[in-house]
Amino acid sequence: MIVAWFAVGSDNKPHIVNSHPAHVVTDSIGVVAAADRSNRALPVIVGLAMPPARTLQPPPIACRGKCDDRAQTRTLPTPLHTRQHSYGGFPRASVPSQSGVQRETALMSNEHQRWMDQAVDEARAALLHDDVPVGAVVIHNGDIIAARHNERELTGDPVAHAEVLALRDAAARLGTWRLDECTLYVTLEPCAMCAGAMVNARLGSVVFGATDPKAGAVVSHFGLLQGTPLNHAVPTTPGVSAEECGELLRTFFRSRR
């Protein structure tokens, strides 16, 4: 490699101050042309003259025993995550490494569980005033901005479902009725009234626990959050902590019969 450095002198002209032996032409921007001792042109990159590129040859493969001129073949080891594993003498299927999608799904599942636990706590609070134990929380940017439970018996308000109350609180907190950056977690599949409120709020997504075979309007009946015939679709994740949410409701209604 041939390197030429220059500096601008008092005469306002470039002067080479350090270079390896070569034919070098300079300008105000540095080295603009260079040649080696055999007068072959060398490529130049702003002050740096480089010799022609050389092709790197792979290292020779060592042979054990008798070798000939034919190319030697090496067998690469099988990647660890695809090797066959044997347990008790019986081979088992290959064990693939966990993919990025699987890891992301696991993280999302943990996130859903975390927030649904908060909704279940709200549902239990409804039992203190004989309301059906349904709880809801609204999440915005990783924080709970609203947490409510059913209050029909407590307030005498026919529309005081957990979802409606939580949506109202969330809108008041954010100062807008549009909740497209929010996720609502609720322990029971929303009814037609609550699903309609979610559409009107342009809710970002909803996650619910137990299905409601009688009055559910999301997956059990109507499909109101699918965007047809209404003008907004709400992405839905059902069945998070479904058994726990369902048992809370079953215990409540058994105690009233």
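Above this note sits the structure.
Residues numbered from 1 in each chain as written. Predicted model: local features only at pLDDT ≥ 70, side-chain atom pairs only at ≥ 80, totals over all residues. Heavy atoms only, no water.

A general feature of soluble globular proteins is that nonpolar side chains tend to end up buried together. Met-116, Val-138, Leu-184, Leu-203, Val-206 and Leu-225 are the most contacted members of the largest nonpolar core, which totals 38 residues. If one sorts the elements of this core by residue count, strand 12 (residues 182-188) sits on top with 5 residues. Leaving out residues up to four positions away in the same chain, Val-206 has contacts with Leu-184, Val-186, Met-198, Leu-225, Val-234, Pro-235, Thr-236 and Thr-237. (Core = buried A, V, L, I, M, F, W, Y, C linked by side-chain atoms within 4.5 Å. Buried < 20%, exposed > 50% of the residue type's maximum accessible area, 1.4 Å probe, protein only. Helix = DSSP H or I, 4+ residues; strand = E, 2+ residues; numbered from the N terminus. Contact = heavy atoms within 4.5 Å.)

Within the secondary structure, Asp-212 sits in the loop between strand 13 (205-210) and strand 14 (236-237). Between the C-alpha atoms of Asp-212 and Gly-246, which are 34 residues apart in sequence, the distance is 9.1 Å.

Attention shifts here to the sheet that holds strand 13. For sheets, the rule is that strands pair by backbone hydrogen bonds, running either parallel or antiparallel. The strand order across the open sheet formed by 5 strands is 11-10-12-13-14, and the pairing between neighbours is mixed. Every interior strand has two partners, whereas the edge strands, strand 11 (143-149) and strand 14, have only one. In this sheet, strand 14 lies alongside strand 13 in parallel orientation, the contact comprising 2 bridges. Looking across to strand 14, one finds that Val-206 is bridged to Thr-236. Where helix 5 (residues 242-255) meets the sheet, it contacts strand 12 and strand 13, and its direction lies at approximately 60° from that of strand 13. (Pairing = 2+ DSSP bridges. Axes fitted to C-alpha atoms, helices over the stretch in contact; angles between N-to-C directions.)

This next bit is on the packing of helix 3 (residues 162-174) against helix 4 (residues 192-200). Closest axis-to-axis distance for the helix 3/helix 4 pair is 9 Å, and the angle between their directions is 20°. As summarised for this structure, helix 3 and helix 4 are arranged roughly parallel, according to the angle between their axes. When the axes of helix 3 and helix 4 are compared, the crossing they make is left-handed. Between helix 3 and helix 4, the contacting residues are Glu-163, Val-164 and Leu-167 on the first element and Met-193, Cys-194, Ala-197 and Met-198 on the second. (Parallel < 35°, antiparallel > 145°, perpendicular 65-115°, else oblique. Left-handed = near helix turned anticlockwise from the far one by under 90°.)

We now examine helix 5. Helix length check: helix 5 (14 residues) gives 20 Å between terminal C-alpha atoms against 20 Å at 1.5 Å per residue, within 8%. Buried within helix 5 we find Cys-245, Gly-246, Leu-248, Leu-249 and Phe-252. Seen end-on, helix 5 carries its buried residues on one side only, within an arc spanning 155°. Along helix 5, exposed side chains directed more than 90 degrees from the buried face belong to Glu-243 and Ser-255. (Expected span 1.5 Å × (residues − 1). Arc of directions from axis to C-beta.)

Turning to the pairing of strand 13, a few remarks are in order. By the criterion of burial, strand 13 is predominantly enclosed, with 6 of the 6 residues buried. Pairing between strand 12 and strand 13: 5 bridges, direction parallel. The residue of strand 13 that forms the bridge with Leu-184 is Val-206. The parallel pair strand 12 and strand 13 is bridged by helix 4, and the resulting crossover is right-handed. (Right-handed = clockwise from strand over helix to strand, strands pointing away.)

The set of residues buried in helix 4 consists of Cys-194, Ala-195, Gly-196, Met-198 and Val-199. Check the buried side of helix 4 and you find it contacts helix 3, strand 12 and strand 13. A positive phi of about 55° marks Arg-202, the residue just after helix 4.

Applying the stated criterion across every chain, the model contains 0 disulfides. Cys-194 provides the cysteine sulfur closest to Cys-191, a residue in no disulfide bond, and the two sulfurs are 3.7 Å apart. The exposure class of Cys-191 is buried, given its relative accessible area of 15%. (Disulfide = S-S within 2.5 Å.)

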